[in-house]
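Spelled out from the first residue to the last, the chains are:
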Amino acid sequence: MSIVKSKIRTIPDYPRKGILFRDITSLLLDPEGLALTIGTFVDRYASKGITKVAGIEARGFIIGAPLAFQLGVGFIPIRKKGKLPSETVSQEYDLEYGKDIIEIHKDSVVPGDRILIMDDLIATGGTMIAAVQLLQKLGAEVPEAGVIIDLPDLGGATKLNKDLGVNVFSICEFEGH
């Protein structure tokens, strides 16, 4: 997966000093990198009995929707509070300085669904943990979460596995934050 990793650019000091931002827009611009990324996820999940793919706003939509299409399953957008027009279910989670809320449409999950959660990156895991909890509230099983990038130094993937028993599959890792 060194090809995928090589297509991801690093922006230093964004969004604030000391952060190394891993920018997937350079990967998305590259036809080979994008095809390899989606193809890797399709190969991994084609025979896993996934009934829906959920993508976390907004970069999880970019990978999650084409993956759902390729798997022949539905797509669930997980959005910030107030962005969905129908009846929603929400989950609050902690941020570095405060709290936030994510939501899904209440009718997007049926008990027994096997839902794969997708995002571009996992860092501390707060948003991903909230997404798992949100889907589980509605009776879904979340066998795994998929990301392009894991930042293992921040511990999110380990926390998700330890606290909720959900494995995180990543295509590549970057040290640091």
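Please refer to the structure higher up on the page.
These notes cover the structure that comes with them. Since we're looking at a predicted model, the values are computed, not measured. (Residues numbered from 1 in each chain as written. Predicted model: local features only at pLDDT ≥ 70, side-chain atom pairs only at ≥ 80, totals over all residues. Heavy atoms only, no water.)

1. Looking at helix α6 (residues 156–164)
Test applied: When a residue's accessible area, from a 1.4 Å probe over protein chains only, is under 20% of the maximum for its type it is buried; when over 50% it is exposed; and in between it is partly exposed. To qualify as a helix, a DSSP run of H or I must reach at least 4 residues; to qualify as a strand, a run of E must reach at least 2; elements of each kind are numbered from the N terminus. Working note: the arc is built from the helix axis to C-beta atom directions.
For α6, the complete set of buried residues consists of Gly156, Ala157 and Leu160. Buried residues of α6, viewed axially, fall in a sector of 105 degrees; they line one side. Turned more than 90 degrees away from the buried face of α6 sit Thr158 and Lys162, all of them exposed. Downstream of α6 by a residue or two, Gly165 has a phi angle that is positive, lying close to 70 degrees.

2. As for the nonpolar core
Generally speaking, a soluble globular protein has its nonpolar side chains buried in company with each other. Counted only if it meets this: Here the nonpolar core consists of buried residues drawn from Ala, Val, Leu, Ile, Met, Phe, Trp, Tyr and Cys, with membership extended through side-chain atoms lying within 4.5 Å. Only heavy atoms matter for contacts: two residues are in contact if any of them lie within 4.5 Å across the pair.
Ranked by size, the top nonpolar core spans 28 residues in total, and within it Ile78, Ile104, Val109, Ile117, Met128, Leu135 and Leu160 carry the most contacts. A total of 7 residues in this core trace back to one element, the largest contributor, which is helix α5 (residues 126–137). Each residue touching Val109, except ones within four places of it in the same chain, is listed here: Lys52, Ile76, Ile104, Ile115, Leu135, Leu138 and Ala140. Judged by nonpolar contacts, the second largest core, of 24 residues, contains Leu67, Leu71, Met118 and Phe169.

3. Brief notes about the packing of aromatic side chains
For clarity, the cut-off: Two aromatic rings, drawn from Phe, Tyr or Trp (for Trp, its six-membered ring), form a pair once their centres lie within 6.5 Å of each other, and the interplanar angle then sorts them: stacked below 30 degrees, edge-to-face above 60, tilted otherwise.
With the rule as written, the count across this model stands at 4 aromatic pairs. Residues Tyr45 and Phe169 carry aromatic rings whose centres are separated by 6.5 Å and whose planes lie at 85 degrees to one another, so their mutual orientation is edge-to-face. Highlighted residues: Tyr45 in helix α3 (residues 31–45) and Phe169 in strand β9 (residues 167–173), separated in sequence by 124 residues. Measuring from centroid to centroid gives 5.9 Å for Phe61 and Phe75, while their planes differ by 90 degrees, and the two rings are edge-to-face. Placement of the pair is Phe61 in helix α4 (residues 59–71) and Phe75 in strand β4 (residues 74–80), with a sequence separation of 14 residues. Taking the relative accessible area as the measure of exposure, Phe61 reaches 24% and is therefore partly exposed. Within the aromatic cluster, the residues linked to one another by ring pairs are Phe41, Tyr45 and Phe169.

4. Some thoughts on α4
To keep things clear, this is the line we draw: Every helix has an expected span of 1.5 Å times one less than the residues it contains.
Taking 1.5 Å as the rise per residue, α4 with 13 residues should run 18 Å; its terminal C-alpha atoms sit 19 Å apart, in good agreement. Every buried residue belonging to α4 is among Gly60, Ile63, Gly64, Leu67, Ala68 and Leu71, and all of these are buried. Angularly, the buried residues of α4 cover 130 degrees about the axis, an arc narrow enough to put them on a single face. The secondary structure elements touched by the buried residues of α4 are α2 (25–29), α3, β3 (52–56), β4, β7 (115–122) and β8 (144–150). In the stretch just after α4, Gly72 is the one whose phi turns positive, near 75 degrees.

5. Description of the environment of Glu87
In this structure, Glu87 sits in the loop between β4 and β5 (88–95). When the C-alpha atoms of Glu87 and Leu138 are compared, they prove to be 13 Å apart, with 51 residues separating the residues in sequence. Once residues within four sequence positions are removed from consideration, Glu87 is found in contact with Ile104, His105 and Lys106.

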